[in-house]
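# Coordinates in review
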Amino acid sequence: MKLFKVLVMDPNEMRNKPPLISHDDLTKHKRIRLNANEFRCFLRYFGLMFGHLVKDEDKDVWNLYLIARQIQVIVTAPKVFSSTYRSEAKYKEGSDVAQKSYNRINLPFTIAKRHQLKLAFRFLSGRGLVPKFEYTALHCVPVQSVKNYDKFSHVIPADRQGVWNCVNKLKVNGAQYYLGAVVLLSLRPDNLPVFGSICVISLPDDSLAFLVVQELEIIRFDRHVHAYEVKMGNQWHFIEIDTLLHFWPTHVRFINVHYVSYRCSVSTFAKSRVI
């Protein structure tokens, strides 16, 4: 697990980083102490961490992992099918209020009152449920001076030319977008994913965010590590974050070749496209 950060390099995953696994855990206790999110993250990247060490005579044992990985990507479907993300987020909102409150008398009333005040503010301001953007340094630059502009200029609409407000990192409702992160753009007719690497993050205003991404060309799906082998392509895209096929970005991992391992089964997005 000491090399987990080096391998993953994804801030969206580091919160679920598994703890160190000791020799006693494997021999004496014969169990690994992980919570649900840590185990899900551990299982997702287990193939990338140890797949290259598996020999041909160990393939039968390795197939047990591949079956477990397939089960994981099926049950970890997009939230349009089944997810507790929104329920967990609602619980966390009340939990944060409770932790910050010094008054422990009638705590449910305190949480309910805070919720009503936030709701009233949304009604009075007329803003509704706007995306929550968090970023640090904002750079105002002419779009022509943005790196690789000569390569992606043809995909920029005429009304989006001019001066851009660019950031290196952007957090939208908990999901972190950053330069080099990988997003799921769409599906090909054969239901293979179209991934893109973020090169520019632009913020026209406080409720709108655009990405300039360079498409990643899929070479193959490597079943041995349960990940897509990719390389940089020549296609560029200009896309609004809200129109992404899935809101959660991931990262490219380099283990002799470049891999993209997604959080859930991409094939489930084909079902959502038909519905």
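Whatever comes next refers back to the structure up there.
The paragraphs below set out a description of the structure included in this document. Source: prediction; values computed, not measured.

Analysis parameters
Residues numbered from 1 in each chain as written. Predicted model: local features only at pLDDT ≥ 70, side-chain atom pairs only at ≥ 80, totals over all residues. Heavy atoms only, no water. Pairing = 2+ DSSP bridges. Helix = DSSP H or I, 4+ residues; strand = E, 2+ residues; numbered from the N terminus. Buried < 20%, exposed > 50% of the residue type's maximum accessible area, 1.4 Å probe, protein only. Core = buried A, V, L, I, M, F, W, Y, C linked by side-chain atoms within 4.5 Å. Contact = heavy atoms within 4.5 Å. Expected span 1.5 Å × (residues − 1). Bend = angle between axes of the 7 residues up to and from the residue. Salt bridge = Lys/Arg side-chain N within 4 Å of Asp/Glu carboxyl O. Phe/Tyr/Trp six-rings, centres within 6.5 Å; stacked < 30°, edge-to-face > 60°. Patch = residues over 30% accessible without salt bridge, like charges linked within 9 Å, V, L, I, M, F, W, Y side chains within 5 Å. Areas by Shrake-Rupley, 256 points an atom, 1.4 Å probe, with all protein chains shown as cover.

## Things to note about the sheet that holds strand β4 (residues 169-172)
Sheet strands line up and pair through hydrogen bonds in the backbone, either parallel or antiparallel. Reading across the sheet, the three strands line up as β1-β4-β5 and stay open at both edges, with antiparallel pairing between neighbours. Strand pairing shows two members of the sheet lacking a second neighbour, β1 (133-134) and β5 (175-178), which therefore form its edges. As paired strands, β4 and β5 are joined by four bridges and run antiparallel to one another. By the bridge assignment, Leu170 is partnered in β5 with Tyr177.

## As for unusual backbone geometry
A positive phi angle, close to 55°, is found at Asn106, a residue other than glycine. Here Asn106 is to be found in the loop between α6 (85-100) and α7 (107-125). Given a relative accessible area of 49%, Asn106 falls into the partly exposed group. In the Ramachandran plot, His226 falls in the positive-phi region, its phi being about 55° despite a non-glycine side chain. Topologically, His226 is positioned in the loop between β8 (208-222) and β9 (227-240).

## Structural notes on the nonpolar core
Core analysis: the largest hydrophobic core is formed by 21 residues, its most contacted members being Leu170, Tyr177, Val183, Ile198, Leu211, Ile241 and Leu244. Among the elements that line this core, the one with the most residues is strand β7 (residues 193-205), at four residues. Setting aside chain neighbours within four positions, we find Leu211 in contact with Tyr177, Val183, Ile198, Val200, Ile201, His237, Phe238, Ile239, Ile241 and Leu244. Core analysis: the next-biggest nonpolar cluster, separate from the first, contains 13 residues, Val143, Tyr149, Trp164 and Cys166 among them.

## Notes on helix α4 (residues 36-50)
Taking 1.5 Å as the rise per residue, α4 with 15 residues should run 21 Å; its terminal C-alpha atoms sit 21 Å apart, in good agreement. Approximately 40° is the largest bend angle found in α4, and it occurs at Arg44. All of the buried residues along α4 are Glu38, Cys41, Phe42, Leu43, Arg44, Tyr45, Gly47, Leu48 and Met49.

## A few points about the pattern of salt bridges
What the rule picks out here adds up to three salt bridges. Residue Asp222 pairs with Arg220 through a salt bridge whose shortest N-O separation is 3.3 Å. For Arg220, the salt bridge goes to Glu229, with nearest N and O atoms at 2.7 Å. Taking the relative accessible area as the measure of exposure, Glu229 reaches 11% and is therefore buried. By sharing partners, the salt bridges in this structure join Arg220, Asp222 and Glu229 into a single network.

## Focus: α7
Counted at 1.5 Å a residue, the expected span for α7 with its 19 residues is 27 Å, and the 27 Å between its end C-alpha atoms agrees. Of the residues flanking the end of α7, it is Gly126, one or two places downstream, whose phi is positive at about 70°.

## Here's the deal with the packing of aromatic side chains
Under the counting rule described, the total for this entry stands at 12 aromatic pairs. Here Phe221 and Tyr228 contribute two aromatic rings whose centre-to-centre distance is 4.9 Å and whose plane-to-plane angle is 65°, an arrangement assigned as edge-to-face. Between Phe247 and Trp248, the aromatic rings sit 5.3 Å apart at their centres with planes inclined by 90°, giving edge-to-face as the arrangement. Relative accessible area serves as the criterion here: at 12%, Trp248 is assigned to the buried category. In this structure an aromatic cluster arises from ring pairing among Phe42, Phe46, Phe50, Trp62 and Tyr65.

## Quick look at the pairing of β7
Within a regular strand, side chains alternate between the sheet's two faces. Counting buried positions along β7 yields 10 of 13 residues, so the element is predominantly enclosed. Pairing geometry for strand β3 (residues 163-167) and β7, over two bridges, is antiparallel. Looking at the pairing, Cys166 lines up with Ser202 of β7. Alignment of strand β6 (residues 182-187) against β7, held across five bridges, turns out to be antiparallel. Along β7, the bridge assignment pairs Ser186 with Val194.

## A short note on a nonpolar patch on the surface
A cluster of nonpolar side chains, contributed by Val61, Leu64, Ile67, Ile71, Ile74 and Val75, occupies part of the molecular surface with about 620 Å² of accessible area. Tracing the backbone shows Ile67 in helix α5 (residues 59-75).

## Some words on the pairing of strand β10 (residues 252-255)
Sheet topology places β10 next to strand β11 (residues 257-260); four bridges connect them, and they run antiparallel. Bridge pairing in β11 places Phe254 opposite His258. Linking β10 to β11, which pair antiparallel, is a turn of one residue; within it Asn256 sits at a positive phi near 70°.

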